[in-house]
Amino acid sequence: KLVETKSFLKEDHDGQQNTVITARFREKSSSLKRRFSTDCQEESNTYTAFTLRKENLETLEAICCLSSVLGVLPSDFSYAGVKDKKAITFQTMVVKKVTPMRVS
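Cut-offs used in this document
Going along each chain's sequence as written, the residues are numbered from 1 onward. With pLDDT at 70 or above as the cut-off, local features in this predicted model cover only qualifying residues; side-chain atom pairs require 80 or more to be listed or tallied, and sums for whole chains, interfaces and linings still use all residues. Values shown for side chains rest on all heavy atoms present in the structure; no hydrogens or waters enter the calculation. Helix numbering and strand numbering both begin at the N terminus, where a helix is a DSSP run of H or I of at least 4 residues and a strand a DSSP run of E of at least 2. Burial status follows relative accessibility: with a 1.4 Å probe on protein chains alone, a residue under 20% of its type maximum counts as buried, one over 50% as exposed, and anything between as partly exposed. Whether two residues are in contact is decided by their heavy atoms: any pair within 4.5 Å suffices. Reported accessibility uses the Shrake-Rupley method at a 1.4 Å probe radius. Residues are deemed covered only where the shown protein chains occlude them. By definition, a salt bridge exists where a carboxyl oxygen of Asp or Glu is found within 4 Å of a side-chain nitrogen of Lys or Arg. Like charges are joined within 9 Å and nonpolar side chains (Val, Leu, Ile, Met, Phe, Trp, Tyr) within 5 Å, but only among residues with over 30% relative accessible area and no salt bridge; these make up the patches. Defined by distance alone, a disulfide is two cysteine sulfur atoms within 2.5 Å. Polar contacts, as counted here, are pairs of nitrogen or oxygen atoms within 3.5 Å of one another; within protein the pair requires one atom able to donate a hydrogen and one able to accept it, and residues that are adjacent in sequence qualify only if both atoms are side-chain atoms. Any two strands with at least two DSSP-identified bridges between them are counted as paired.

Trainee: How should the overall build of the chain be read in this particular structure?
Mentor: Scanning the chain from N- to C-terminus turns up two helices and five strands. Along the chain, helices and strands appear, N-terminal first, in the series β-β-β-α-β-β-α. By residue count, 29% of the 104 residues in the chain fall in the buried class. In the chain, 60% of the contacts between residues at least 6 apart in sequence involve partners at least 24 apart. Looking at the chain as shown, the accessible area adds up to about 7300 Å², and 50% of this sits on carbon and sulfur atoms.

Trainee: Honestly, the pattern of salt bridges in this entry has me stumped. Any pointers?
Mentor: A side chain with one charge may pair with a side chain of the opposite charge, provided their charged atoms come close. Applying the stated criterion to the full structure yields two salt bridges. Across the pair Asp76 and Lys96 runs a salt bridge whose closest N-O atoms are separated by 3.9 Å. Of this pair, Asp76 sits in the loop between helix 1 (59-70) and strand 4 (77-79) while Lys96 sits in strand 5 (residues 88-96), and the two are 20 residues apart along the sequence. Here Asp76 falls in the buried class, since its relative accessible area comes to 5%. Here the salt bridges do not stand alone but share partners, grouping Asp76, Lys96 and Lys97 into one network.

Trainee: Before we go on, may I ask you to explain the side chain of Thr89 in this structure?
Mentor: Mapped onto the elements, Thr89 comes out in strand 5. Accessibility expressed as a relative area gives 11% for Thr89, which makes it buried. In this structure Thr89 touches Leu52, Arg53, Lys54, Lys83 and Asp84, once residues within four positions along its chain are discounted.

Trainee: Please clarify how the environment of Leu70 should be interpreted in this entry.
Mentor: Take Leu70: it is sitting in helix 1. In the structure, Leu70 is positioned 33 residues away from Val103 in sequence and 7.8 Å away in space, judged by C-alpha atoms. Beyond its immediate sequence surroundings of up to four residues, Leu70 is in contact with Phe77, Val98 and Arg102.

Trainee: Help me understand a nonpolar patch on the surface in this model?
Mentor: Where nonpolar side chains cluster on the molecular surface, the patch consists of Leu60, Tyr79 and Val82 and spans about 280 Å² of accessible area. Mapped onto the secondary structure, Val82 falls in the loop between strand 4 and strand 5. Val82 gets classed as exposed once you look at its relative accessible area, which sits at 57%.

Trainee: What's the story with the state of the cysteines in this structure? I'm lost.
Mentor: Cysteine pairs can be linked by a disulfide, which is a covalent bond between their two sulfur atoms. Enumeration over the complete set of coordinates arrives at zero disulfides. Free of any disulfide, Cys64 has its nearest neighbouring cysteine sulfur in Cys65, separated by 6.9 Å.

Trainee: Explanation requested: the environment of Ser68 in the structure shown.
Mentor: Looking at the element boundaries, Ser68 is found in helix 1. Side-chain polar atoms of Ser68 contact the backbone oxygen of Cys65, separated by 2.9 Å.

Trainee: What's the story with the pairing of strand 5 in this structure? I'm lost.
Mentor: When a strand is regular, its side chains alternate between the sheet's two faces. Burial along strand 5 is one-sided: Thr89, Gln91, Met93 and Val95 are buried, while Ile88, Phe90, Thr92, Val94 and Lys96, pointing the other way, are not. Pairing between strand 3 (residues 47-55) and strand 5: nine bridges, direction antiparallel. Bridge pairing links Phe50 to Met93 in strand 5. The pairing of strand 4 with strand 5 spans three bridges and is antiparallel. Within strand 5, the residue paired with Phe77 across the bridge is Val95.

See below:
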């Protein structure tokens, strides 16, 4: 299975722009090449907050998929609690060592 992600900006009730990421599994259709970040300019103290929208996906599964795509460890993600796998849920998260540009 592959994870498919989409990101977009959404305005919250205070008028602030937040990045929302949608993650879902889909069947593998062809060979997948791993892409690793070659951006050596990133500082290790960079933290990016975002909202994860997920459907039919456990929180830990989503984090593992996102960590492999972003080239960081699953332990670089911070979040409060886990959400129901069978629902469409929104989870606020923070990831370290990733710039906002890479998350979107």
